[in-house]
Structure formats: structure tokens, C-alpha cells
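The chain contents come next:
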Amino acid sequence: GLVNEVDVMAQEDVGRALRRSLAVVEDDSGRVVGTYAALPDMVKYKEALRLQEEFLSRVTHDLQAPLSSINCALELLSERAGAALGPEENGFLDICLRNSQQLGSMIRDILDFSKLQSGKMSIRPAPASVSGLLKEAVESLQPWARNKGISLSHRLPVPDLMVTADQQRIVQVLTNLISNAIKFTPEGGSIVAAVAPRPDKHGHVVCAVRDTGCGIPKESLQKLFQKFVQADNNDGSQPGVGLGLALVGEFIKLHGGTVWVESEV
């Protein structure tokens, strides 16, 4: 005869979850024709996700103070004792300083994204010069580009264009895009940043960053602006948490704009 019991071999809590989420479906004559399943404890799952994000935000926030202290101490040491140190010691100091700044940048990215996810990030639009925004981003990254042997230039619109934008956030967007270009452009390459009026949308401008880097595989293009994602051609030597372009996408969305990428390997 038929056995009317089913043995569930699993941990007790897994068994409970299965029993809660599975329902037997019978036809009019009482025959079992299948089962219906739903994700169990969705509310608990969402709450766990929220607590996880909150924990990440708090931990990264708490890391800021000691890291700022380390960074200041390294800068002072470099300024005051740099001349007395040999080339090798100065090299070690430079490595420490650059890694400390890189870590600070990662922490800021995580905090910014946490604010965006929780809806606490707001922008403060005001009239701004497009040339000023582009110059600020390019000039801050010029030393890095020179150090890598890359030509970094920019084309300013004539006459200058004015936009309504949050200056700090748009400079951050341009800085992230140009930083990405520097990371993936080999020595001897070139990067050009430019701004022009958008022909299909009156009163809007388009900013572009073009580089001679290795290119991005077609299958990676759609994923680039997702959080914690880096292109498949990243060999792991480039530091970062994969939030730079996700932040770019979110900041541009807050400004009512669009962002896209065109590339081939």
C-alpha cells in the first residue's frame, strides 16, 4: 500500500521553514496533484538585510576617525621628515600614504551608497559653470595621470555653459569616471574629458570621458553600474569595492539625467 508520510531529512529549522512554505494542492476528488511553495519569512529576510546594511554603514563610519588620524600623521611625517629620509624610506612612506587615501575613498563610497540605499542622500542643485566642474575634476587627477605616463586633457565648451547641479556630486561623478579611465589605460595612453550641449534635449549638457584603455567585454556593459561589480577584464590588481560607477549612476539619476557606456575589447 501507499505510505502517507514523507521523511524530511534536514536540520530542524530548515524542516520548519519547508513546512511553513509548502502547501499540498489537491483536485476535486482529493487526489494530490502537486505542491505550492512561497519564500518563507519574507519580513524576517528583509529585516535581516536592513540590519546587515545598517551594520556595514556603522562600521565604515566608525573606521573614518582612526583612518583620518593615520592619514594626517603620514602627511605630517612626509612633510617634516621626508627630506631626512632616504629614497627607499620615502618610497615606503608614499605607499602608506597612497593606500591610506585609497582606503578613505572606499569608506566614503560605502557611506555614500548606504545613504542612497536608505533614501537619506539629498542633492543641493545650484547654478554652476560646466567648465569649472570639468577643470576641478581633471586638475585633481592630473598628478596621477602624469605618474602613470598617461596624457589627460579636457575640452571646454565655448562659450561656457551653465547648469543647475549639485557641484560636489557632479565633480565626484566626473572624478569617478576619469579615475576609472586612468586605472584601465596603459602607459602612453590618452584620456580626453569633454562637455557639450546635448543636441536632442534643450537646456541639458552631455559630459564624456574617452580613453585608450583595454576596452570592456560586451557582456559586462550592462552590469557596470550595479553595486559591487567590476568589469570582467579587471585582473584584481585594481583596488576598489565596485561602488564607483554605481554611485555615478545614482547621482546622475538624482539629477534627472542618464548615463551610458560604449566600448569594445
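Chemist: Describe unusual backbone geometry, and please don't skip the residues or the numbers.
Modeler: The linkage connecting Val158 with the following residue, Pro159, adopts the cis geometry, with an omega of -5°. Locating Pro159 in the fold gives a position in the loop between strand E4 (151-155) and strand E5 (162-165).

Chemist: Report on the pairing of strand E1 (residues 22-26), specifying residues and quantitative values.
Modeler: Here 5 bridges tie E1 to strand E2 (residues 32-37), and the two strands are oriented antiparallel to one another. If you follow Val25 over to E2, its bridge partner there is Gly34. Counted along the chain from E1 to the antiparallel partner E2, the turn is 5 residues long, and its residue Gly30 has a positive phi close to 90°.

Chemist: A description of the pattern of salt bridges should follow, citing residues and the corresponding values.
Modeler: Counted under the stated rule, the structure contains 5 salt bridges. Notably, a salt bridge pairs Arg198 with Asp200, separated by 2.9 Å at the nearest N-O pair. On the accessibility criterion, Arg198 (23% relative accessible area) is partly exposed. You can call Asp200 exposed: its relative accessible area is 60%. We note a salt bridge from Glu250 to Lys253, for which the minimum N-O separation is 3.8 Å. Of this pair, Glu250 and Lys253 both sit in helix H7 (residues 244-254), 3 residues apart, roughly one helical turn.

Chemist: I'd love a proper account of the nonpolar core, names of residues and values included.
Modeler: Ranked by internal contacts, the top residues of the largest apolar core, which has 37 residues, are Leu133, Leu152, Ile178 and Ile182. Elements with a contribution of two residues or more to this core: helix H3 (87-117), helix H4 (130-147), E5, helix H5 (167-183), strand E6 (190-197) and H7. Residues within four places of Ile182 in sequence aside, it is in contact with Leu141, Trp144, Ala145, Lys148, Ile150 and Ile191.

Chemist: Give a detailed account of the environment of Leu56, specifying residues and quantitative values.
Modeler: Within the element layout of this structure, Leu56 appears in helix H2 (residues 42-81). On the accessibility criterion, Leu56 (37% relative accessible area) is partly exposed. For the pair Leu56 and Leu111, spaced 55 residues apart in sequence, the C-alpha separation works out to 8.6 Å.

What counts, and at which threshold
- Residues numbered from 1 in each chain as written.
- Predicted model: local features only at pLDDT ≥ 70, side-chain atom pairs only at ≥ 80, totals over all residues.
- Heavy atoms only, no water.
- Helix = DSSP H or I, 4+ residues; strand = E, 2+ residues; numbered from the N terminus.
- Pairing = 2+ DSSP bridges.
- Salt bridge = Lys/Arg side-chain N within 4 Å of Asp/Glu carboxyl O.
- Buried < 20%, exposed > 50% of the residue type's maximum accessible area, 1.4 Å probe, protein only.
- Core = buried A, V, L, I, M, F, W, Y, C linked by side-chain atoms within 4.5 Å.
- Contact = heavy atoms within 4.5 Å.

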